[in-house]
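Structural overview
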Amino acid sequence: MDPDSVKSTLSNLAFGNVMAAAARDYQKEVLAQEKALASSSVNEDIDLDELMDDPELEKLHADRIAALKKEAEKREALKRRGHGEYREISEGDFLGEVTGCEKVICHFYHREFYRCKIMDKHLKSLAPRHVDTKFLKLDAENAPFFVTKLGIKTLPCVIFFRNGIASDRLVGFQDLGGKDDFSTRTLEGLLLKKGIIKENKEEEDDEDSYGERNKTVRSSINPDSDSD
């Protein structure tokens with residue numbers, strides 16, 4: 001017999017044996033994985049059953065329920081004090097409204113000013129979403145004492161109060177890009193940065209979650225006339 005032929009035959013047999021062994025090993029590995037998964041599933045069921053009776057888990061659940069209840073009660077108490085809506089107040093109400101809360105945003109406005117109407121729209125949208133902060137508006141023409149006292153020269157002027165003390169302000173739209181078509185989210189981001197509102201994690205990232213997309217408020221008043 002030709003030595004080369006014998007050598008070739010032996011080589012083919014060896015290759016065939018290797019492939020067969022590899023196939024067997026792969027089958028064993030697949031079976032082992034399926035068995036492990038089945039075992040893991042059983043153990044998971046057992047673990048979940050055990051967790052259902054775990055005192056520590058029950059305590060965590062009870063604590064979570066209590067925290068949610070406390071937060072709900074806090075929100076209701078704040079709403080009874082005028083939070084959660086964008087409200088107009090009079091000069092006589094101003095001190096009581098501002099000094100009685102930790103965080104207050106007050107918009108000093110003029111009824112005929114174009115940019116004041118734009119600011120109104122955005123603050124009205126934000127008020128229900130940030131209940132921890134009180135949102136107010138005050139007609140500057142009907143509040144000469146506080147306009148003078150707070151040194152308000154240009155409208156719209158949004159002043160931030162912390163525990164009754166004016167801590168910061170937003171004058172016109174200079175911090176909002178200087179244009180009239182800024183979005184509610186842009187204003188919200190600025191208020192978050194200044195710390196006068198806190199982030200609402202429940203809100204969706206979609207810009208449309210603010211309702212209708214921000215549009216320029218129509219008015220016959222010249223935007224350049226927005227000054228005190």
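Residues numbered from 1 in each chain as written. Predicted model: local features only at pLDDT ≥ 70, side-chain atom pairs only at ≥ 80, totals over all residues. Heavy atoms only, no water.

Taking an unreviewed UniProt entry as the reference, the protein chain is identified by name as Thioredoxin domain-containing protein plp3b belonging to Nicotiana attenuata.

The secondary structure content of the protein chain amounts to six helices and five strands. Start at the N end of the protein chain and walk to the C end: the helices and strands fall as α-α-β-α-β-α-β-α-β-β-α. A burial count over the protein chain gives 31% of its 228 residues as buried. Counted over contacts in the protein chain with a minimum sequence separation of 6, partners at least 24 positions apart contribute 71%. (Helix = DSSP H or I, 4+ residues; strand = E, 2+ residues; numbered from the N terminus. Buried < 20%, exposed > 50% of the residue type's maximum accessible area, 1.4 Å probe, protein only. Contact = heavy atoms within 4.5 Å.)

Turning our eyes to something else, we now look at the packing of helix H4 (residues 114-126) against helix H6 (residues 184-194). Where H4 meets H6, the closest approach of the two axes is 10 Å, and the angle between their N-to-C directions is 70°. On the basis of the axis angle, H4 is roughly perpendicular to H6. Relative to H6, H4 is oriented so that their crossing is right-handed. From H4, Met119, His122, Leu123, Ser125 and Leu126 reach across to H6, where they touch Thr184, Leu187, Glu188 and Leu191. Of the residues assigned to the contact of H4 with H6, the class counts are five nonpolar, three polar and one charged. (Axes fitted to C-alpha atoms, helices over the stretch in contact; angles between N-to-C directions. Parallel < 35°, antiparallel > 145°, perpendicular 65-115°, else oblique. Left-handed = near helix turned anticlockwise from the far one by under 90°. Nonpolar A, V, L, I, M, F, W, Y, C, P; charged D, E, K, R; others polar.)

As summarised here, the arrangement of the five strands in space is E1-E3-E2-E4-E5, forming an open sheet in which the pairing is mixed. Where the open sheet ends on each side, the last strands, each with one partner, are strand E1 (86-89) and strand E5 (165-171). Shown here is a sheet whose adjacent strand axes are inclined to one another by a mean of 25°, direction ignored. As paired strands, strand E4 (residues 157-162) and E5 are joined by six bridges and run antiparallel to one another. Bridge assignment links phenylalanine 161 to a residue of E5, and that residue is alanine 166. (Pairing = 2+ DSSP bridges.)

Moving on, we come to the environment of alanine 140. Inspection of the secondary structure assignment puts alanine 140 in the loop between strand E3 (134-139) and helix H5 (144-149). For the pair alanine 140 and histidine 110, spaced 30 residues apart in sequence, the C-alpha to C-alpha distance is 6.0 Å. If we ignore the near neighbours within four places in the chain, the residues touching alanine 140 are Tyr109, Val147 and Leu155.

Further remarks concern H6. Taken residue by residue, H6 has Thr184, Leu187, Glu188, Leu190 and Leu191 as its buried positions. The buried residues of H6 occupy an angular sector of 160° when projected down its axis, which confines them to one face. Two residues or fewer past H6, glycine 195 is found with a positive phi of approximately 80°. (Arc of directions from axis to C-beta.)

Let's shift gears to the pattern of salt bridges. Evaluated as defined, the whole model comprises eight salt bridges. As a salt-bridge pair, arginine 87 and glutamate 97 come within 2.9 Å of each other at their nearest N and O atoms. Of this pair, arginine 87 sits in strand E1 while glutamate 97 sits in helix H3 (residues 91-99), placing them 10 residues apart in sequence. Owing to a relative accessible area of 17%, arginine 87 belongs among the buried residues under this scheme. Judged by relative accessible area, glutamate 97 falls into the buried class, the value being 16%. Salt-bridge contacts for arginine 111 lead to aspartate 139; the nearest nitrogen and oxygen are separated by 3.1 Å. With a gap of 28 residues between them, arginine 111 in the loop between strand E2 (103-109) and H4 and aspartate 139 in strand E3 connect regions that are remote in the sequence. The exposure class assigned to arginine 111 is partly exposed, which follows from its relative accessible area of 46%. You can call aspartate 139 buried: its relative accessible area is 4%. (Salt bridge = Lys/Arg side-chain N within 4 Å of Asp/Glu carboxyl O.)

Within E2, seven of the seven residues are buried, leaving the element largely enclosed by the surrounding structure. Side chains Lys103, Ile105, His107 and Tyr109 project from E2 onto one buried face, and the interleaved Val104, Cys106 and Phe108 project onto a second face that is buried too. One ladder, built from six bridges, connects E2 with E4; its direction is antiparallel. When the sheet's bridge partners are listed, valine 104 is paired in E4 with phenylalanine 161. In the sheet, E2 pairs with E3 via six bridges, with the strands oriented parallel. Each bridged residue has a counterpart across the sheet, and for isoleucine 105 the counterpart in E3 is phenylalanine 135. Where the polypeptide runs from E2 across H4 and back to E3, its parallel neighbour, the crossover connection is right-handed. (Right-handed = clockwise from strand over helix to strand, strands pointing away.)

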